[in-house]
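Next come the chains, spelled out residue by residue.
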Amino acid sequence: MTFDQLEHAIRAACSVAEESEVIVFGSQAILGSFPDAHDDLRQSMEADVAPKNFPERADLIDGSLGELSQFHQTHGFYVHGLKPEAATLPEGWQDRMVKVDTPATNGNVGWCIEGHDLAASKLVAFREKDREFVRVLLRENYIDSATLKTRIQKLPLDPERSERLLKWIQLTSEDLGLP
């Protein structure tokens, strides 16, 4: 996905949900902070969004703009509507969101999850593709390991799982030659 496509996704999701603000979750939220993010971070053809003020309208987005929809067939990417609770995020994430408000969003706003919060959320899932995504974020210096460790500690996880994620960050940082 490109930043232009993210702007289009924001505009379309707001239109379908009759809402002026959406929260962008998932990997493509990184485009809010880094519009020209490394190609390895822009492999997804999906933007995960939640209507900010009317979360119950997520199904409208999914039905109109989701996978295999006419929108997907026409534009080559799709918008997955979801509710904010679908993602596990660190305490305080709402205060760190990155605002995407450009002429191409037509007065609508996309609130993108900040990079460290996004990485922490990805590590909760701990799928190989999510670990690789976080590895690239670290490698390209979009996030730093110290802040990521702090965010992991602010996740609603049991201590054992938290320690596992902190250990992964440490080992991955060492493997990448990072402090």
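Up top you'll find the structure we're talking about.
The present account deals with the structure reproduced in this document. (Residues numbered from 1 in each chain as written. Predicted model: local features only at pLDDT ≥ 70, side-chain atom pairs only at ≥ 80, totals over all residues. Heavy atoms only, no water.)

What follows concerns the sheet that holds strand β4 (residues 98-100). Pairing between sheet strands relies on hydrogen bonds along the backbone, with the strands arranged either parallel or antiparallel. The strand order β3-β2-β1-β5-β4 describes an open sheet built from 5 strands, whose pairing is mixed. Two strands lie at the open edges of the sheet, namely β3 (78-81) and β4, each paired on one side alone. Going from strand to strand, the sheet's axes swing by 35° on average, the running direction of each strand aside. Note that strand β2 (residues 46-51) and β3 share 4 bridges and pair parallel. Within β3, the position partnered with V49 by the bridge is G81. Each of β1 (21-25), β2, β3, β4 and β5 (109-112) is contacted by helix α1 (residues 3-17), which is oriented at about 130° to β1, the strand it contacts most. (Pairing = 2+ DSSP bridges. Helix = DSSP H or I, 4+ residues; strand = E, 2+ residues; numbered from the N terminus. Axes fitted to C-alpha atoms, helices over the stretch in contact; angles between N-to-C directions. Contact = heavy atoms within 4.5 Å.)

In this section: the pairing of β5. Here β5 shows a buried face lined by V109 and W111 and a second buried face lined by G110 and C112. With 4 bridges joining them, β1 and β5 adopt parallel strand pairing. Among the inter-strand pairings, V24 is bridged to a residue of β5, identified as C112. For β4 and β5, the ladder comprises 3 bridges, and the chain directions are antiparallel. When the sheet's bridge partners are listed, V98 is paired in β5 with C112. (Buried < 20%, exposed > 50% of the residue type's maximum accessible area, 1.4 Å probe, protein only.)

As a further point, take the pattern of salt bridges. Inspection of the entire model under this criterion finds 11 salt bridges. R96 is paired through a salt bridge with D117; the nearest N and O atoms lie 2.9 Å apart. Highlighted residues: R96 in the loop between β3 and β4 and D117 in helix α5 (residues 115-125), separated in sequence by 21 residues. The class of R96 is partly exposed, set by a relative accessible area of 22%. The residue E132 makes a salt bridge to R135 at a minimum N-O spacing of 2.7 Å. On the criterion of helical spacing, the pair formed by E132 and R135 is a turn pair, its members being 3 residues apart in helix α6 (residues 128-139). The partly exposed category is assigned to R135, whose relative accessible area is 22%. Put simply, R96, E114, D117 and R151 are held in one network by salt bridges that share partners. (Salt bridge = Lys/Arg side-chain N within 4 Å of Asp/Glu carboxyl O.)

All right, on to the nonpolar core then. Side chains of nonpolar character tend, in soluble globular proteins, to be buried together. The biggest cluster of nonpolar side chains holds 57 residues, and the ones touching the most others in it are I113, L123, L148 and I152. Setting aside its immediate chain neighbours within four residues, L148 contacts H116, A119, A120, L123, V134, I143 and I169. (Core = buried A, V, L, I, M, F, W, Y, C linked by side-chain atoms within 4.5 Å.)

This part takes up the packing of aromatic side chains. Under the criterion given, the structure shown has 4 aromatic pairs. A ring pair is formed by F126 and W168, whose centres lie 6.4 Å apart and whose planes are at 80°; its orientation type is edge-to-face. In this pair, F126 is assigned in the loop between α5 and α6 and W168 in helix α8 (residues 159-175), connecting sequence segments 42 residues apart. Across this residue pair, the class does not change: F126 and W168 are buried. Just above the ring of F54 sits the side chain of R57; from NZ or CZ to the centre is 3.8 Å. K122 extends its terminal NZ or CZ atom over the ring of F133, reaching a point 5.6 Å from the ring centre. (Phe/Tyr/Trp six-rings, centres within 6.5 Å; stacked < 30°, edge-to-face > 60°. Lys NZ or Arg CZ within 6 Å of the ring centre and 35° of its normal.)

Let us now look at the packing of α5 against α6. When two helices pack together, you describe them by how their axes are tilted relative to each other and by the distance separating the axes. Packing of α5 against α6 leaves a shortest axis separation of 8 Å and a crossing angle of 150°. Considering their axes alone, α5 and α6 lie roughly antiparallel with respect to each other. Where α5 crosses over α6, the two elements pack in a sense that is left-handed. Of the residues in α6, those touching α5 at G115, L118, A119, K122, L123 and A125 are D130, R131, F133, V134 and L137. Of the residues assigned to the contact of α5 with α6, the class counts are 7 nonpolar, 1 polar and 3 charged. (Parallel < 35°, antiparallel > 145°, perpendicular 65-115°, else oblique. Left-handed = near helix turned anticlockwise from the far one by under 90°. Nonpolar A, V, L, I, M, F, W, Y, C, P; charged D, E, K, R; others polar.)

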